[in-house]
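Chains, contacts and geometry: an overview
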There are 2 protein chains.
Amino acid sequence: MPRQAILEALRKANKHFSTEELYHVVHKKYPAIGLATVYRTLELLCQIGLIFKFDFGDGLSRYELAVGPDQNHHHHLICTTCGRIIDFSELVEEETRVTRELENVLSKKYNFKIDSHQTHFLGLCEKCLSDLKGSDLSAATGTLK
Amino acid sequence: MPRQAILEALRKANKHFSTEELYHVVHKKYPAIGLATVYRTLELLCQIGLIFKFDFGDGLSRYELAVGPDQNHHHHLICTTCGRIIDFSELVEEETRVTRELENVLSKKYNFKIDSHQTHFLGLCEKCLSDLKGSDLSAATGTLK
DNA sequence: TTCTAATTGAAAATGATTATCATTTACATT
DNA sequence: AATGTAAATGATAATCATTTTCAATTAGAA
């Protein structure tokens, strides 16, 4: 039952949920379910391949439900200031072509069996960009105290 | 002085050193230098841009010295079984072209200032692959006890 | 020299994740 | 239904990388 409850919750949850987030959602509805079970279930689902685990560098593990056709393409924009994560799927066709090529070369050269790949673009999101400009301005002009 | 010692050490260190690894190297030569300073210095060097920080999913932060011409291209093969990390730079030209294109589209669409990107290929390295085949064989044939 | 701010090392605190272990559950076989 | 056994669970403790704290030291300016 816990596993079903967790799966149900993460189907509704937003993308890139953390373990803690999911635990809160599940625990509110099923107070008997503990944190350890959430961890264990997520690991299990990961092994089965129903979800993917990511690490975006903020110290939390994040997960993503494995649905849709492109299950081994995982591309994210990550704001290095606020940690916001944006999914994208632009230019998948062309990127896929290059990646296939790359995977072929690499797997032969290094005898490496490639299962999946992920690309992270690091930078500043819209909000943090404008925040930064604001503070730069005030610093430069000496206004706003 | 500690910072120089740390920089010196990481110039000699192998790629993808962890904080702990670096601490051991530095501490052996300069026993007065503590772990906290290594952490602090690595963070500092990261902000300055002298090193890059990576997270390959094994719970440790890894660093890479920022030298060479392609400083915003970071591509790795990561073995999901033993954690081995392989650097590669094949097909950089073509991959760069596609990536530039992607970055243009993305930064416009999401108002996102992209500073760098990294691509991780996940799978099995040569050794783990052969280990796996070995155990499969023995399991299938029932040999080797 | 004297003052001040930055740097440091040791140790404690933090926080996510994992391991432990007694209890509960599932379920196949009576 | 009753029983037995292995898997699953929840609470708690343990682990471990990283961060924070804080007193002591250092560096550099005045």
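Everything discussed here concerns the structure shown above.
Report follows, based on the coordinates. (Residues numbered from 1 in each chain as written. Chains lettered and ligands numbered in written order. Predicted model: local features only at pLDDT ≥ 70, side-chain atom pairs only at ≥ 80, totals over all residues. Heavy atoms only, no water.)

1. Points about the interface of chain B and chain A
Interface size, as often reported, equals the accessible area lost upon joining of the parts. Contacts between the two partners involve 38 residues from chain B and, on the opposite side, 38 residues from chain A. When the buried surface of chain B facing chain A is broken down by residue, Glu90, Phe112 and Phe121 of chain B rank first, second and third, together holding 18% of it. On inspection of chain B and its partner chain A, the count reaches two salt bridges. With its nearest N and O atoms 2.8 Å apart, the salt bridge here joins Glu94 of chain B to Arg97 of chain A. Mapped onto the side of chain B that touches chain A, the elements with two or more residues apiece are strand 4 (73-79), strand 5 (85-87), helix 4 (92-110), strand 6 (113-124) and helix 5 (126-141) of chain B. Across the side of chain B that touches chain A, the residue classes break down as 18 nonpolar, eight polar and 12 charged. Sheet topology places strand 6 (residues 113-124) of chain A next to strand 6 of chain B; 11 bridges connect them, and they run antiparallel. Following the sheet pairing, Gln118 of chain A is matched in strand 6 of chain B by His120 of chain B. (Contact = heavy atoms within 4.5 Å. Buried area = accessible area lost by both parts, 1.4 Å probe. Salt bridge = Lys/Arg side-chain N within 4 Å of Asp/Glu carboxyl O. Helix = DSSP H or I, 4+ residues; strand = E, 2+ residues; numbered from the N terminus. Nonpolar A, V, L, I, M, F, W, Y, C, P; charged D, E, K, R; others polar. Pairing = 2+ DSSP bridges.)

2. A look at the protein's contact with DNA strand C
If you check the shell around DNA strand C, you find 15 residues, and the closest are Tyr39 of chain A together with Ile33, Gly34, Thr37 and Arg40 of chain B. For DNA strand C, the fraction of atoms within 4 Å of the protein that belong to sugar or phosphate moieties is 68%. Contact between DNA strand C and Arg40 of chain B: a base nitrogen at 2.5 Å from a side-chain N or O atom of the residue. The set of elements that each furnish at least two residues to the surface near DNA strand C consists of helix 3 (35-48) of chain A together with helix 1 (2-12) and helix 3 (35-48) of chain B. Looking at the surface near DNA strand C residue by residue, the classes come out as seven nonpolar, five polar and three charged. (Near = heavy atom within 4 Å. Polar contact = N/O pair within 3.5 Å; in protein donor to acceptor, adjacent residues only side chain to side chain.)

3. Considerations on the protein's contact with DNA strand D
Among the 16 residues in the neighbourhood of DNA strand D, the closest are listed as Ala32, Thr37 and Arg40 of chain A together with Tyr39 and Ser61 of chain B. In DNA strand D, atoms within 4 Å of the protein come 69% from sugar and phosphate. The contact in question runs from a phosphate oxygen of DNA strand D to an N or O atom on the side chain of Tyr39 of chain B, over 2.5 Å. Here Gly59 of chain B contributes a backbone N or O atom positioned 3.5 Å from a sugar or linking oxygen of DNA strand D.

4. Observations regarding the relation of the copies chain B and chain A
Aligned on chain A, chain B shows an RMSD of 0.1 Å; the corresponding rotation is 180° and the shift along the axis is 0.0 Å. Here the copies are linked by what is in effect a two-fold axis. No C-alpha of chain B approaches the rotation axis more nearly than that of Thr119 of chain B, which lies at 2.1 Å. Both copies present the same face, since 100% of the interface residues in chain B are matched by interface residues at the equivalent positions in chain A. (Least-squares fit on C-alpha atoms with pLDDT ≥ 70 in both.)

5. Observations regarding the pairing of strand 4 of chain B
Both faces of the sheet carry side chains from a regular strand, because those side chains alternate between them. All names here are of chain B. A large share of strand 4 lies buried, amounting to seven of its seven residues. Residue alternation in strand 4 divides its side chains into two sets, His73, His75, Leu77 and Cys79 and His74, His76 and Ile78, and both sets are buried. In this sheet, strand 6 lies alongside strand 4 in parallel orientation, the contact comprising seven bridges. Paired with His74 across the strands is Gln118, a residue of strand 6. In terms of strand pairing, strand 4 meets strand 5 through three bridges, oriented antiparallel. In the strand pairing of strand 5, His76 is matched with Asp87. If you look at the hairpin formed by strand 4 and strand 5, you'll find five residues sitting between the two strands, and Gly83 has a positive phi there, around 85°. (Buried < 20%, exposed > 50% of the residue type's maximum accessible area, 1.4 Å probe, protein only.)

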